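Tertiary structure, described
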Amino acid sequence: MMSIPVSYAQPSWLSHLRALFAIARKDWKQYWRYPLSAVSSVFQPVIWLTPVYFMGQAFSVNGQARGFAAYSGTYDYMSFILLGTALSNFIGSVFWGMGYSLKNDMDAGVLESNWLAPLPRPLLLVGRTLTSLLVTAITSALMLGVAGLLFGFRISGNGIAALLTALPMLIGLYGFGFAFSALVLIMREANTMVDISSYMVQLFSGSNFPVNVLPRWLLPVALALPLTYGFDAVRGFLLKTKTLLPIPVEVALLVVFMFIMIWLGLAVFRRLERRVRMLGTLGQH
Amino acid sequence: MSALVKSPPLSQPSLLAEIRALGAIFYREWKIFLRYPSWVIALIVWPVIFPAMYILGARALAGPDGSGLTQFLHAAGTDNFLGYIVIGTTVWMWQNIVLWDVGFALRQEQWRGTLESNWISPTFRFSFLIGSSLAQMVSVVIFLVVTLLEFTLFFGMRLDGSLWLGLLVILAAIPAIYGLGFAFASLVITAKEAQNFVFLVRGMVMIFCGITFPVSVLPGWMQGVANWLPQTHVMNAMRKALLTTGGLPALLPDLEKLALFGVFWLVAGYLLFVWMDRRARKTGAIGQF
């Protein structure tokens, strides 16, 4: 009588967790292999913010940006922008972590073999963001420290409420990430796509300015992005700025968007990923 | 006794051969550029979205009633912050593109595995850099025209000065901007992964040269550093040429400095190239990556 061999791969929640941990550990090792990149991710945002700081000086009277206060409710434009930059770093980390990592796997020739692993593919993508999120949290904290020393950074509100508000925003961002990764699979190009998309999302969600300065015809784009409400609510909590909507409404919107985006992102990912497999282009780059 | 017949070499280096080689390099680079449609899209999208972040920031700082503009006018000499920022960010992007494209031209040949074989061809080696730069210049011209059209047609950018003087400034800036690119490309032959040098150079331009603000708001020591960077003078001259009606006399001090910087960086770029080429051939680093 022939015995059926037991499969070595027994997918379970525990094996999924082990896989996530293995992916995160691999990325962590790879990241610290290039320590200059870490230094660069602390100082690059500071460099990019320097022109904004001096531009603010050119518009200020006795160090007070009165025009800015009329739009946002705070004179402290640098804290407003620094907070936006720190949150934007997370947008970048999801876009680069999910979209660009697939391109890296394509180039390294390991995407097809990874795809055969007994792990749900969206989870594979989530795994690629774990190290990236942790590293972003560390480098953003350091960036805030350095920029705070140079330009000043003062927050006075409820930090825990702000953190809890940022959470659904971040989870919702994964929905974006899933759909975006599927596009990378189809197009087989990531650099320009990731660069332009993440920059535009940051631009329209108001990472560096209050969105009510956008021209009227562009404002609907900003209001359609859930991240706009995330930025706005977090600033409302920490800087007591004028918000677009009452903060509880913005938080409720973020939670609703979180579910919609995850559902939509997964649906797009499954559809396009299936198409890529049918076309047989998964291993191409 | 059989006479040894010496056959003439097939390759006869001459000026015409150099021009043909330059044309071939130009053609190759241009074909590669068109092979990737996303690069073409980037050429159209980046000129708008990169300055947009700063322009919208300036709009916020100006306030709904434009009260911040009085202060900006006092500091910058113009209330046309849109034109002011577009010029600053465009010069920054130009230098950035040159550092990546020209600076990494030889490095890309290393990646493709073609540098060594090209190096033993009878072509003057510096021509490989010049050829890549010529192709890159065409894409920069497209980039500048796209920027000008997008901001004047769609965003109502006001240019009170002269486009001809703007062109003159571009011509005066080319030696310094590309000389720096040549110097950088030469370093990359030996230093290989030199992305952090690009970050350093473009970071310095961003911090010191006043891409979005008048240099006069910087502390004294920073103004001193800014004065030694050619990009500061490119931005100054370009703003005077396109945004003011001062004419050529207003540009002359900056043009003189640009000429000096141009000579310095072209000579430095060429000498560095010769030195790094010799060093890389001695150490065998030409074909390594």
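Looking only at helices and strands, chain B has 12 helices and zero strands in total. Listed by position from the N terminus, the elements making up chain B come as α-α-α-α-α-α-α-α-α-α-α-α. Relative to its full complement of 289 residues, chain B shows a buried share of 42%. Considering only residue pairs separated by 6 or more positions, chain B has 81% of its internal contacts joining residues 24 or more positions apart.

Moving on: the overall build of chain A. Broken down by element type, chain A carries 11 helices and zero strands. A compact globule built from 285 residues would reach a C-alpha radius of gyration of about 19 Å, and chain A, at 21 Å, matches this within 12%. The dimensions of chain A, computed from C-alpha atoms along their principal axes, are 90 × 40 × 35 Å. Taken over 285 residues, chain A has a buried fraction of 44%. For chain A, long-range pairs separated by at least 24 residues make up 81% of all intrachain contacts whose partners lie at least 6 apart in sequence.

Take unusual backbone geometry next. Residue and element names in this part refer to chain A. Residue Lys240 is not a glycine yet carries a positive backbone phi of 60 degrees. Structurally, Lys240 can be placed in the loop between helix H10 (226-239) and helix H11 (247-279). Among the residues examined, Lys240 registers 13 C-beta atoms within 10 Å and is labelled partly exposed.

In this fold, Arg20(B) is placed in helix H1 (residues 15-35). Between the C-alpha atom of Arg20(B) and that of Gly63(B), which follows or precedes it by 43 residues, the distance is 57 Å.

Moving on to the environment of Phe204(A). Residue and element names in this part refer to chain A. Along the chain, Phe204 turns up in helix H8 (residues 191-204). Overall, the presence of 23 C-beta atoms within 10 Å leaves Phe204 in the buried class. In sequence terms Phe204 and Leu214 are 10 residues apart; their C-alpha atoms lie 8.5 Å from each other. With near-sequence residues (within four places) excluded, Phe204 lies in contact with Val221, Ala222 and Leu225.

Parameters and conventions
Residues numbered from 1 in each chain as written. Chains lettered and ligands numbered in written order. Predicted model: local features only at pLDDT ≥ 70, side-chain atom pairs only at ≥ 80, totals over all residues. Helix = DSSP H or I, 4+ residues; strand = E, 2+ residues; numbered from the N terminus. Buried ≥ 20, exposed ≤ 12 C-beta atoms within 10 Å, placed from the backbone. Contact = placed C-beta atoms within 7 Å. Rg over C-alpha atoms; globule rule 2.2 N^0.38 Å.

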